[in-house]
There are 2 protein chains.
Amino acid sequence: MVQHFFYPETIAIVGATADPKKFGNAVTVNLVNNEGLKSELFPINPKSDEILGLQSYSSVLDVPKDIDLAIILVPSKAVPIVVNQCIEKKVKRIVIVSAGFGEIDEEGKKIQEEMAKKATSAGIRIIGPNCVGIMNVDIGMNASFVITPTQGKVSMATQSGSFGAACLYEMEWQGIGFSKFANLGNMTDINLTDLIQYFKDDKATQVVCIYLENVVDGRKFYETLKEITQVKPTIILKGGRTSAGAKAASSHTGSIATDYSSLKAAIKQAGATLCESMNDYVTAIKAFSYSPLPTGNRVGLFTNSGGSAVLFSDNLEEFGLELAEFSAEFKEKINPFVIPLVKKVNPLDMIAGARGEEFYQVAKTMFEDPNIDIVIPCVVIPTFLEMQPDEHFKGVIRAWNDTGRKKPILPIFMSGKLMESVKKIAAEENAPIFMSPKEAAFAAKVLIDRMKKFQK
Amino acid sequence: MVQHFFYPETIAIVGATADPKKFGNAVTVNLVNNEGLKSELFPINPKSDEILGLQSYSSVLDVPKDIDLAIILVPSKAVPIVVNQCIEKKVKRIVIVSAGFGEIDEEGKKIQEEMAKKATSAGIRIIGPNCVGIMNVDIGMNASFVITPTQGKVSMATQSGSFGAACLYEMEWQGIGFSKFANLGNMTDINLTDLIQYFKDDKATQVVCIYLENVVDGRKFYETLKEITQVKPTIILKGGRTSAGAKAASSHTGSIATDYSSLKAAIKQAGATLCESMNDYVTAIKAFSYSPLPTGNRVGLFTNSGGSAVLFSDNLEEFGLELAEFSAEFKEKINPFVIPLVKKVNPLDMIAGARGEEFYQVAKTMFEDPNIDIVIPCVVIPTFLEMQPDEHFKGVIRAWNDTGRKKPILPIFMSGKLMESVKKIAAEENAPIFMSPKEAAFAAKVLIDRMKKFQK
């Protein structure tokens, strides 16, 4: 059902325009200019014969082929007419990008509900209205007005298009790729539960993330969530947790925000990962995007920064977690790679002079140690002893690779501008970076929570 | 007393070396290569006659002038000998960078205490041992082995050198400049309270930040803190809050971490800003670095991202704060600058098409509105309608400038790589950027907390 939105053979762009001063232009360009996209495109605009090199049509009714997906970009007043034409044309799926419906007033709500009723009676499903659109990065389809991310295994369903875009920007910047993206807007037909159901079955999707403000059918949402968490990590951020947030949410999507306390309990019970800030949300997505689940909860940290190790230890305990105890064997094995000043306790402070090679050796020993389940290198990049800014990162990733990437690695690197070379290697090596002790501790927490819930 | 550490006319670098493979090289280079530094430098190294173009001496005793400050970089075993020579030479102040004392064992603790006792009896004060050094960016003095930050008005005292360096990197990257920096290490003589006392009197210092693990004299610390907060915002992050953190702290600086619950109460009572993560710490420093204090607690938010506004509203309420109510007059004034779809409520969702000029007008109206005390623009940078990535930021900063920067502005910009041009303008304009709704809400909270405490 939702599948058809993401794999259309033919797409009509209703309100397509080559004029960059008009709103419909970004969606038109994102679809037309994507060379990887094999779907056939039909721009619809009564004022043009040709748009960006493609033949344009006055209405969907004039298109000579069946239409799998219609993207509607016209002003709100014209939308019901276009939807009627889509019904007549037997278009399979519709995405209404246009705003000006249920989020505005009761009248708008009635109009969107009538459109949905008519369409669904004809077997047509609708995403929107009031959304930035949808994407299937796997086939090069960006039917939205936000940037095209790199291809990856994360899929997102979001009630806020722009916040979805913000996360997408952030993840792109951090090297995390996307498979599917859907902004559901006012959810007059297709809702979050439908998307979650689809992501569960979609093979390309391996990590699921959801931004939501209200849940339409609580029971069904909970049951679907319970199913998907069995097979895929599912990360949820809820907007409208407080009364001020709920008030803001009601002007945002025209819906009454779902009460948080009961939803929170349901999300946890279902085994999803609950986040309460954008930072935690992106951190959790990162944690699940690169790492296998740990097989235990024993964390090993080694660092060139004692203070950062102290802060990490605090965060870990505040999240209810513990550091591993180093075994006598482990201490003996790392002995050649640490200077005599180093105390062989966890967190292991290897002191400022430790280099990439020592980091490689200690990381490798931790990966091979049966008493350590999650490996956390923590580095403030040194600017002395001729050290390269990326040598510690290279060292720990080499150790991860040499040991078959069997345990999660959650590297903390905190070095402002010096991070650029490290981020480049992270992207090439498909490895994560966390930007603070707290981020890595939160990442460890969400991995361990999931391990405890599903791998007993 | 502490003043003399930061304004020496003559500096001896004991253990100076031109060999980049040796630890002392970074400190030597940071001092010698800083063209702005007017202090006279005396490298001390029995194995060289000349270091980086400067005449080198076998011992401080051979230096033909009085020495205001000696930086000691030699291995721990040689440190007591050098300290004795410094006493004989009547050096005024000593920074012992070398590690291998109280953080290692009882023996090391005894040695550092003996050195401190001898030195202080001779009227000489010591910073360290086990530290990265000190800086006075105002006079171009970087007597440490970390990078030289840009000049600014923040001064930091930190028990962790590398965590201090991490914050310094982060602030540098975010465009926040430094005045003084001191890593106190094992604090065998000079402690945090001494530094706070000095920062209070130092005119160049306008914002004070402290990373601490243990407090030597609780009563004096509290009294000094109470004094400084009257005149300067003082931000504190405590490592070793939990039992795991305290354990890590004891291997880090050889001290028993101060119990957190009582310290927390004292810090709050004294009117300092308490943070519990690196992110909050940097956010609070940013909040106080650019903005005047607000004169009330009414927050106005306008945005092109409805979901981000929802999340901000949640964060604000979670921090115990409230959004302002828009007056009828305000609504009328912004009317020409928002499209009819926009609901004139706070947070004001101006929807995705709003441009830099509209952001300028709404920002200006908020700055001029007597019912709004803190102005928060929130932007996900659009990639459509030919918008420039920096036009919204330019608009709001222009409004801030045009109204005399009388109210705090806390701009939220969330756009990954597109942030580069915005960050450049922020640096040029000396304006802050916050990276998420939660950061800006926390910034509003710390400003309001300080306003309530000191501007009743």
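Residues numbered from 1 in each chain as written. Chains lettered and ligands numbered in written order. Predicted model: local features only at pLDDT ≥ 70, side-chain atom pairs only at ≥ 80, totals over all residues.

## What to know about the overall build of chain A
Rule in force here: Here a strand is any run of E in DSSP of at least two residues, a helix any run of H or I of at least four, and the numbering for each starts at the N terminus. Every C-beta atom is placed from the backbone, and the number of other C-beta atoms within 10 Å of a residue's own sets its class: buried at 20 or more, exposed at 12 or fewer, partly exposed in between. With C-beta atoms placed from the backbone, a contact is any residue pair whose C-beta atoms sit within 7 Å.
Along the backbone of chain A there are 16 helices and 19 strands. In terms of overall dimensions, chain A has C-alpha extents of about 80 × 50 × 35 Å along its principal axes. The proportion of buried residues among the 456 residues of chain A is 61%. Restricting the contact set of chain A to residue pairs at least 6 apart, pairs at least 24 apart contribute 73%.

## Considering the packing of helix 5 (residues 161-173) of chain B against helix 10 (residues 278-290) of chain B
Residue and element names in this part refer to chain B. How we decide: Only C-alpha atoms enter the line fits that serve as axes; for helices the fit covers just the stretch in contact. Angles between N-to-C directions range over 0 to 180 degrees. Just so you know how the angles are binned, under 35 degrees is roughly parallel, over 145 roughly antiparallel, 65 to 115 roughly perpendicular, and the rest oblique. Should the near helix be turned anticlockwise from the far one by less than a right angle, the crossing is termed left-handed; should it be turned clockwise, right-handed.
At their nearest, the axes of helix 5 and helix 10 sit 11 Å apart, and the two run at 50° to each other. Taken as axis vectors, helix 5 and helix 10 run oblique relative to one another. As helix 5 runs across helix 10, the sense of the crossing is right-handed. Packed against helix 5, whose contacting residues are Cys 167, Glu 170 and Met 171, the element helix 10 presents Met 278, Tyr 281, Val 282 and Ile 285 at the interface.

## Details of the sheet that holds strand 10 (residues 151-158) of chain A
Residues and elements named next belong to chain A. The test is simple: A pair of strands is treated as paired once DSSP finds two or more bridges between them.
Across the sheet, seven strands lie side by side as 9-8-11-10-12-13-14; this open sheet has mixed pairing. The sheet terminates laterally at strand 9 (141-144) and strand 14 (273-275), the two strands that pair on one side only. Between one strand axis and the next, the sheet turns by 15° as a mean value, whatever way the strands run. Strand direction decides the pairing type here: strand 12 (residues 207-212) and strand 13 (residues 234-238), joined by five bridges, are parallel. What sits directly across from Ile 210, in strand 13, is Ile 236. Contacts from helix 10 (residues 278-290) reach strand 10, strand 12, strand 13 and strand 14 within the one sheet, and its direction differs from that of strand 12 by about 165°.

## A word on the interface of chain A and chain B
What counts here: Residues are sorted three ways: Asp, Glu, Lys and Arg are charged, Ala, Val, Leu, Ile, Met, Phe, Trp, Tyr, Cys and Pro are nonpolar, and all the rest, Gly among them, are polar.
Taken together, the contact between chain A and chain B spans 72 residues of the former and 72 residues of the latter. For the side of chain A that touches chain B, the secondary-structure elements that each account for two or more residues are helix 2 (24-32), helix 5 (161-173), helix 8 (243-253), helix 10, helix 11 (306-318) and helix 16 (437-454) of chain A. Counting residues per element, the side of chain A that touches chain B draws most heavily on helix 11 of chain A, which supplies eleven residues. Of the residues belonging to the side of chain A that touches chain B, the class tally is 34 nonpolar, 25 polar and 13 charged.

## Concerning the relation of the copies chain A and chain B
Counted only if it meets this: When the copies are superposed, the least-squares fit takes in the C-alpha atoms of residues with a pLDDT of at least 70 in both.
For the pair chain A and chain B, the relating rotation is 180°, the translation along its axis is 0.0 Å, and the fit reaches an RMSD of 0.0 Å. Such a combination of turn and shift is consistent with a two-fold rotation axis. The position closest to the rotation axis in chain A is occupied by the C-alpha of Asn 279 of chain A, lying 5.1 Å away. A high fraction, 100%, of the interface residues of chain A reappear at the interface in chain B, so the copies pair face to face through one surface.

## A look at the sheet that holds strand 10 (residues 151-158) of chain B
Residue and element names in this part refer to chain B. In space, the seven strands of this open sheet follow the order 9-8-11-10-12-13-14, with mixed pairing throughout. This sheet does not close on itself; its edge strands, each paired only once, are strand 9 (141-144) and strand 14 (273-275). Taken over all neighbouring pairs, the strand axes of this sheet differ in orientation by 15° on average, direction set aside.

## A short note on the domain arrangement of chain A
Residue and element names in this part refer to chain A. Stated formally: Each domain's extent was defined by an automatic or database domain assignment.
Assigned domains within chain A: domain 1 (1-130), domain 2 (149-290) and domain 3 (293-454). Computed over C-alpha atoms, the centres of domain 1 and domain 2 are 25 Å apart. Elements that contribute at least two residues to the side of domain 1 that touches domain 2 include exactly helix 1 (3-6), helix 4 (106-121) and strand 7 (125-127). Here the side of domain 1 that touches domain 2 gets seven residues from one element, more than from any other, and that element is helix 4.

## Examining unusual backbone geometry
A cis amide bond links Gly 128 of chain A to the next residue, Pro 129 of chain A, at an omega of -5°. You can see Pro 129 of chain A is positioned in the loop between strand 7 and strand 8 (133-136). Geometrically, the link from Asn 346 of chain B to Pro 347 of chain B is a cis peptide bond, its omega value of 5° lying close to zero. Of note, Pro 347 of chain B is situated in the loop between helix 12 (328-334) and strand 17 (348-349). Although it is not a glycine, Leu 52 of chain A sits at a positive phi angle of roughly 50°. Along the chain, the position of Leu 52 of chain A falls in the loop between strand 3 (50-51) and strand 4 (54-55). Using a count of 18 C-beta atoms within 10 Å as the deciding quantity, one classes Leu 52 of chain A as partly exposed. The phi dihedral of Lys 90 of chain B is positive, around 60°, even though this residue is not glycine.

## Overview of the nonpolar core
Stated precisely, the cut-off is as follows: By convention in this section, buried Ala, Val, Leu, Ile, Met, Phe, Trp, Tyr and Cys residues joined through C-beta atoms within 7 Å make up a nonpolar core.
Ranked by internal contacts, the top residues of the largest apolar core, which has 335 residues, are Ile 13 and Ile 71 of chain A together with Ile 13 and Ile 71 of chain B. Dropping the residues within four chain positions of it, Ile 71 of chain B is found in contact with Ile 11, Ile 13, Val 14, Val 27, Val 95, Val 97, Gly 133 and Ala 143 of chain B.

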